[in-house]
Every structure is written in structure tokens, then in C-alpha cells.
Amino acid sequence: MSPHPTQTRPRLALISRIVAALIGGYALASVFSIFLSHLLPSELPEAVLGATLFSFAIYTAAIIWVFAAASAARAWLGLLIPGALMGLLSCAMQFAGSAT
Amino acid sequence: MDKHFATYLVFFVGYAAFLALSLAMDRHHAQVLHGKPGSGRRLILRLTGWALLALALWLCSQAWGWAIGPVAWFGLLSAAALGLVFLLPYAPRFAAWLVVLGPLLALPPFFL
Amino acid sequence: MKQRFRQSMSWLHTWGGLWFTWILFAIFLTGTLGVFDDPISHWMREQGKIGDIKPLTAEQRAESVKVAQHYLAGKAPRAEFWGIGLPDEAQAALRVFWREQEESPFEQRLLDPANGRESGASQRDTEGGHHFVHMHFELHAGTAGIWIVGAATVAMLVALVSGIVVHKKIFTDFFTFRPRKGQRSWLDGHNALGVLTLPFLFMISYTGLIIFWALYMPAGIMARHDGDEESFFAALNEGPAPRPMQHIDALLHELSPLMLRGEAAIEREASFVVVEHVGDRSASVRIFGRFDPDAESDRLVGRSSGNALFDAINGETIDVQKPNTVRGGNVLAIQRTMNALHFVRFGGYPMKWLYFICGMAGTAMLATGAILFMVKRRKKSADEFGTATPRVYRLIEVLNVTAIAGLSLACIAYFWINRLLPLDIADRAVREIQLFFILWLLTLLHAGLRPPMRAWIEQLAVSAALCLGLPLINLLTTGDWLFSALARGDSETAGVELTAMVFGLIFMAILRHLRQRQPNQQNREKSLATAIEGA
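Residues numbered from 1 in each chain as written. Chains lettered and ligands numbered in written order. Predicted model: local features only at pLDDT ≥ 70, side-chain atom pairs only at ≥ 80, totals over all residues. Heavy atoms only, no water.

Asks: Whenever I open this one, the overall build of chain B confuses me. Can you help?
Replies: When you go through chain B residue by residue, the secondary structure sums to four helices and zero strands. Counting helices and strands in the order they occur from the N terminus, chain B gives α-α-α-α. For chain B, the C-alpha radius of gyration of 14 Å lies close to 13 Å, the compact-globule estimate for 112 residues. Per-residue burial over chain B gives 51% buried out of 112 residues. Considering only contacts in chain B between residues 6 or more positions apart, those separated by 24 or more positions represent 66%. Per element, the accessible surface of chain B, about 5,500 Å² overall, is 74% carbon and sulfur. (Helix = DSSP H or I, 4+ residues; strand = E, 2+ residues; numbered from the N terminus. Rg over C-alpha atoms; globule rule 2.2 N^0.38 Å. Buried < 20%, exposed > 50% of the residue type's maximum accessible area, 1.4 Å probe, protein only. Contact = heavy atoms within 4.5 Å. Areas by Shrake-Rupley, 256 points an atom, 1.4 Å probe, with all protein chains shown as cover.)

Asks: In this structure, what is going on with the interface of chain A and chain C? I would like to understand it.
Replies: As a measure of interface size, the accessible area lost when the parts come together is often cited. With 36 residues of chain A at the contact, the number on the chain C side is 41 residues. Each partner contributes to the roughly 3,300 Å² buried at the junction of chain A and chain C, and carbon and sulfur atoms together form 76% of this total. Taken together, the connections running from chain A to chain C amount to zero salt bridges. Elements supplying a minimum of two residues to the side of chain A that touches chain C: α1 (10-39) and α2 (44-68) of chain A. Of the residues assigned to the side of chain A that touches chain C, the class counts are 22 nonpolar, 13 polar and one charged. (Buried area = accessible area lost by both parts, 1.4 Å probe. Salt bridge = Lys/Arg side-chain N within 4 Å of Asp/Glu carboxyl O. Nonpolar A, V, L, I, M, F, W, Y, C, P; charged D, E, K, R; others polar.)

Asks: Sorry if this is basic, but what is going on with the packing of aromatic side chains here?
Replies: Taken as a whole and assessed by the stated rule, the structure comprises 43 aromatic pairs over all chains. Ring geometry for F56 of chain A and Y206 of chain C: centres 6.3 Å apart, planes at 90°, overall edge-to-face. In this pair, F56 of chain A sits in helix α2 while Y206 of chain C sits in helix α8 (residues 198-211), so the two residues belong to two different chains. Residue F56 of chain A is classed as buried on the basis of its relative accessible area, which comes to 3%. Aromatic side chains F137 of chain C and F212 of chain C sit 5.9 Å apart centroid to centroid with 25° between the ring planes, which places their arrangement in the stacked category. Note that F137 of chain C is positioned in helix α5 (residues 130-138) and F212 of chain C in the loop between α8 and α9 (213-216), a separation of 75 residues in sequence. Look at F137 of chain C and you get partly exposed, because its relative accessible area is 24%. In textbook terms, an aromatic cluster arises when at least three aromatic residues are bridged by ring pairs, as seen for W43, F132, Y414, F415, F436, F437 and W440 of chain C. Positioned above the aromatic ring of F81 of chain C is the side chain of R99 of chain C, whose terminal nitrogen or guanidinium carbon lies 6.0 Å from the ring centre. Above the plane of the ring of F373 of chain C lies R377 of chain C, whose end atom (NZ or CZ) is 3.8 Å from the centre. (Phe/Tyr/Trp six-rings, centres within 6.5 Å; stacked < 30°, edge-to-face > 60°. Lys NZ or Arg CZ within 6 Å of the ring centre and 35° of its normal.)

Asks: Could you clarify how one ought to interpret the arrangement of the chains in this entry?
Replies: Taken together, the two pairs of chains in contact show their highest number of contacts between chains A and C. One finds no contact linking chain A with chain B; the least C-alpha distance across the pair is 20 Å.

Asks: Honestly, the confidence of the model for chain B in this entry has me stumped. Any pointers?
Replies: Detailed reading of the predicted model is not advised wherever pLDDT is low. Of all residues in chain B, 100% have pLDDT values of 70 or greater, and the mean over the chain is 94. Considering each helix and strand of chain B separately, the mean pLDDT is smallest for helix α2 (residues 26-33) of chain B, with a value of 92, and largest for helix α3 (residues 39-87) of chain B, with 96. (pLDDT = per-residue confidence, 0-100.)

Asks: Which parts of the structure should I look at to understand the side chain of N339 of chain C?
Replies: Residues and elements named next belong to chain C. When you line up the elements, N339 lands in helix α14 (residues 330-343). Note on N339: relative accessible area 16%, which makes it buried. Sequence-distant contacts of N339, defined by excluding residues within four places in its chain, comprise I210 and I211.

Asks: Teacher, can you tell me more about the side chain of T153 of chain C here?
Replies: Positionally, T153 of chain C belongs in helix α6 (residues 142-166). Setting aside anything within four residues of it in sequence, one finds T153 of chain C in contact with L24, S205 and L209 of chain C.

Asks: How do you make sense of the sheet that holds strand β4 (residues 270-276) of chain C when you look at a structure like this?
Replies: Think of a sheet as strands paired side by side through backbone hydrogen bonds, with each pair either parallel or antiparallel. Residue and element names in this part refer to chain C. In space, the seven strands of this open sheet follow the order β3-β2-β1-β4-β5-β6-β7, with antiparallel pairing throughout. In the strand order of this sheet, the two ends are held by β3 (107-111) and β7 (317-321), each with one partner. Taking each pair of neighbouring strands and ignoring which way they run, the sheet shows an average axis angle of 15°. By the bridge criterion, five bridges tie strand β1 (residues 81-85) to β4 in an arrangement that is antiparallel. Each bridged residue has a counterpart across the sheet, and for I84 the counterpart in β4 is V273. (Pairing = 2+ DSSP bridges. Axes fitted to C-alpha atoms, helices over the stretch in contact; angles between N-to-C directions.)

Asks: Help me understand the environment of L139 of chain C, please; the structure alone is not making it clear to me.
Replies: Residues and elements named next belong to chain C. With respect to the helices and strands, the residue L139 is situated in the loop between α5 and α6. A C-alpha to C-alpha distance of 7.8 Å links L139 and V149, two positions ten residues apart in sequence. Aside from chain neighbours lying at most four places away, what touches L139 is I23, H134, G145, I148 and V149.

Right under this line is the structure:
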């Protein structure tokens, strides 16, 4: 397959991007669905449903991002940083919620 | 409004809208009427096209209500545009005449 | 920056699109055919000829349920699930289903509603149009198939977004199609088909994912609801609490009086009866009301046929949901709207035809995209795979033929199989589908053995012949034919045959186009050969 247009070390970086898109993007969308379910004003089951309805758009956007990023490393960072942030905030809200 | 009647009506309103919008473009104006459209004509065609698209949406809402109406609107516009786009290069004159012929053939049976 | 973004999106659109295009073509084609699954089943079961089946009276329905309960109690007295489908206009037989355990497959039998005897070969045993629906959402491969379809659907969304970015002149080229210009025409066609049906394509892809949201994206339920799906959905739907197995033996209540009570409670005829945990203290029975298309075609949300839930041991009422009432909050309403949008459960036939047209346009968009990939490279190899390039191109060409022409052939052949397969063969409905897959496999073999252009022409020619000959084979095998169907006002039977003939004509038009092109191509290949020899 022709290397991704912005690639210098084609094959490995390409595989890295594909993994980032398929698995990293899915993980990001999953974390997003948990995170958003904390923020939505609806009751718990509805909030989870609403957040999950959005998460497929996030997955799509994440895949686009991964292949648009200048390098595979940047693609991963662009997934990991928001993913970690949303994950931490979700944990914090979970604890805050169970404490009260 | 009867749904079958509305289907044909909105289809041809959408078709007319897209015909007007396409005639406002140099390429298609040349295809059907030859030459470029003047700026006055271009403006009129554009306004007519957008007005007909709005009319089509309103007709859909009358026939289907505001929940299903927009779905019907999108679907009928897609169908009308597909018809126009694949007719234009093969029979440009006929594609233009269809805007009159189509409704004349399809709509009167509903009033019988 | 903008230029680079467009370049990387172009790469993503080309390759992401290519590797998923074959499966997406199958999903789109069978899904579009599945819009008309009922008319197709009607044609396949020869229901037009049978004439109108009289609706059952309440006593007959109660008697049917009794007959079914007796049969099921003999077959599967401790099943996890029983289903009883009452006879209706479309199906004169009583249908019974059961499943021993949650993971085991469903068993299904057709019974005579009067005496409970298994119906033999008295009618054409077929999956009918449901075959296309199952192919569409699970590729006949269960949960694994659902996941594959889901992955392809995400790829579709990505291809749509990247396609819009790559398309340089969406508005200038909005109405543009330039035929007879080779690669240009394929690109124009691909663009026009995609752009003009874009709202439909986004809607149908996204809502397709939403149907299986809890399977595809379970993180929310796992993290926020301890992964307990049953209680999650009970809370979401504001329904009764789930009834887990108690592992205490208990005798099942008579079902027919419960059915009558259910009908009275929802004020509608029953169509289906479900019993869960047969033989256990936790057993419950749910009575579903009959779907009323006239009452429900005008709304997107809150369309339901109603159902009543009873304790299946002591007969106590657990829950009653009347038809066309809404439960749950706004978000659930949104999700249900999305489902209704995907299934076209509204608007009747005009809307189904719009979905069919837009779906076929989407199918054609996928086909033109796959063909465009090879048209570009037949002219000039892009040499993406080094020395393996010709072999990879050959593989792509073979898969293009198989996925596009081969599947079209198998789909129309499925109608012929339905008419030609003997009626008394065992597992007839399953055999039909097996033959469908065997034929599809044969088209792969054929595509692998023949030169590409010949493979396209031959498979399309067979498809065209099968489409145009459909009324004929129906006449020869059943004695029923198009004009008598039209004469008796059987628009479903006639509609299936007329639509097939339209597709036959479309295939003929494509064939004519390919035949016209072929001499040129042969000349070009010849001149290329002489040029090589000369060098």
C-alpha cells in the first residue's frame, strides 16, 4: 500500500496509525461515553444512552484525526491526552458521586 | 394531502428547484439553453430554485407533519436530483421539458 | 496545511474505502432489498395465489395458543424461551419457536392451528425476504457478523467525511455527470451518487450503529451500571424489573386465558406470545398486540403495538403497556426515532420507495468507487505494492467482480432457487440460503478464472437474464404470472417481478456500455503488445 502521504518511515508508522484508529479511537469513544454520561442532566440510564449515541461520532472523528495528524506519535498523543483527561475527571465525578 | 399525490407533487417541485439552480450555472445553462446566463437571469433562477426548495419542505410538512416531513423532503429531493443529474447529459432538452411534462402526466389522475 | 489535510484524507478515502467497499456493497444491496422484505416473502411464499386468509376469531386464537402450548410442552418442557406466532393474513400456519438455553439456537416449526400437527411440504418453506435482512445486519454469522457490519459502518462514516473533504467542487459539480469520458465519468458518477444522497447515507449509517448501541459501545453501561444490562434496560424502558431464574420447579399456567386477558388489557388482537423460563417459578408470559400499519404510519416515536406481561405460574398481571403510548424519557425517544428512521417504520410505501431509491444510489456509489479504483490503475499502475502490485490489482479486480456482479447474481438467483428447489426437501429454507452462498462462491471462482472484462460481462449477462426471466420461471413453476397478478390487484407479486425486470434492463444497459468499450480496449491491448514486441 502506498505510504501515508506524511510518512517518513512508512510501514511501521502506518501500522501504528491503523492500531491507533481502530483500538485507540474506540477506547477514546468509550471513555467519552462514560465522561459525557456524568455531565448530561438526565437520569442515569438515559444519560448513559445519550452519551453513547454521541460516542459513535467521536469514534469517527478520532479515526479522521489519526490519519490527518502530522505523525503517528502526534496521532497517539491526540487520543491519549483527551482520553486520560476525560478518564480522570470521570473517576473524580464517580467518587464525588458515591461519597455524597 | 394524499401521501401518494404529495410524493409526486414534491418530487416535481424539487425537480423544478434543481433545474432552476442548475440553469443558474454556466455549464448547465450552456447544455440546455446554450450560452451563459445573464446576471439578472442567474439571480432569478437562483431565487426561484431556493424558493421552490422551501416550498417543497412546506408541502412535505403539510402532507407528513414536521416529524416525517423533513425525512420525506430529503428523500424526494435526492430522488429528483438523481433523476435530473443523470438525464441532463443524455437529453438536456427533455430534462428541461420534463418539468412541465412530468406534472402534467403524473398529477391529473389524482383528480379523476 | 489544508493541502496536506486533503492529501491525507484522500489516502484514507481511497484505502479505507477500498478495503471495506466489498462488505459495504453487500450490506447496502441486501439492506436495500430488505426494505421490501415483506413483498419478497409474499412472492416467495406464493401468497398472492392463496388469496386472502380469513382473520381468526378470538376463540380460534385462544385455541391456537392452546394447541401451541401442548406441542411445546411435549417438545421443550424446560425451555428458556417459547414463542408462539399466531396465524395472520400473511401466514396461515401457527409458528412455534423455542430455545433450550440462552446461548442455544432457536428451533422453529410450523403447525396446523387446528390440530397441532407439523405442517409438511404443503407450502413453500422459505426465509423469503428475511434472508436479505439477516444478510444485511449480521451476514448470517450471528454476533460476529453484527460486529463486522458495525466496523464496516464506522468505515462508511469515515469514508463519507473524508470523501467530502476530498471532493474539491461539491457545489460547482453538484449537477455534473459527464458520460463516455472514462475515468472522469466514473468519478462524476461516484460523486453525484454520493453527494445527492448524502443526508440519507449519513442517516442510514449512523442509525444503523445506534440500533446495536449497547453491543457496540457497552462502556457506559459497564462503568455506570455495573454492566447489568437487564436491570439497565428495565430502568431505561421504565418497564417491570427483570425476573431472574429461581430454580424452583413450577407448573405453567394455561396460556390461552392469559392471551385473552392480554388482548382485553391492551384492547387489541394478539399476534405473538412469548414465555420465558418455562417450568421455573420465575416464568413470565408476554402477549404482544398486532401491528396496525394504518394507525402507526404517521408517527416516528411512540409507535408500539402494545403488550401485556403476566406471571406465567399464578397468572397475576405484572405490566400492561397500551398501544402507541410512550415510556421512558426524551433520550430514549431520540434513540427510538433513530431506529424507526433506519427501519422505515413509517410513511408506508411512498417512503419505502424513497429508501429503496436512495439505498440503490448508495449501493451504486460504492460500486462506482470500487471500479474507479481499478479504472485509474488499469490506465497507469500506481505501483503501491512493489513487485506484488500486479497480483494485488488482480485480487482487487476479482473481488470487485465477485462483490458487485457476483452478489447481484446470487441475489436474483435466490428468487430462482426459491422456485426451482423441490418443495418436499428437508430444511428447505436453509438449503435455499446455502445455495445462495454456493452460487456466490462460484462467482468468485469464475471471476478468478476469467479475464476481468469477460468476468464482468458474463456475470452481468447471467444476472440480466435471471432478472428478465423471473416472471417466466414463476409462470413455469407455479402457473402464476405477472398479468394474472396484476389482474387480481396483487401489487406485491407484480411489484417484485416488475422491479426485477427493471434491474434486468439496467444490467442490459451496463452490458451494452461494456461491449461498446471492449473493442477499444482490445485494440489498445493489441497495440500495447505490438509496442512491447517492437521494443
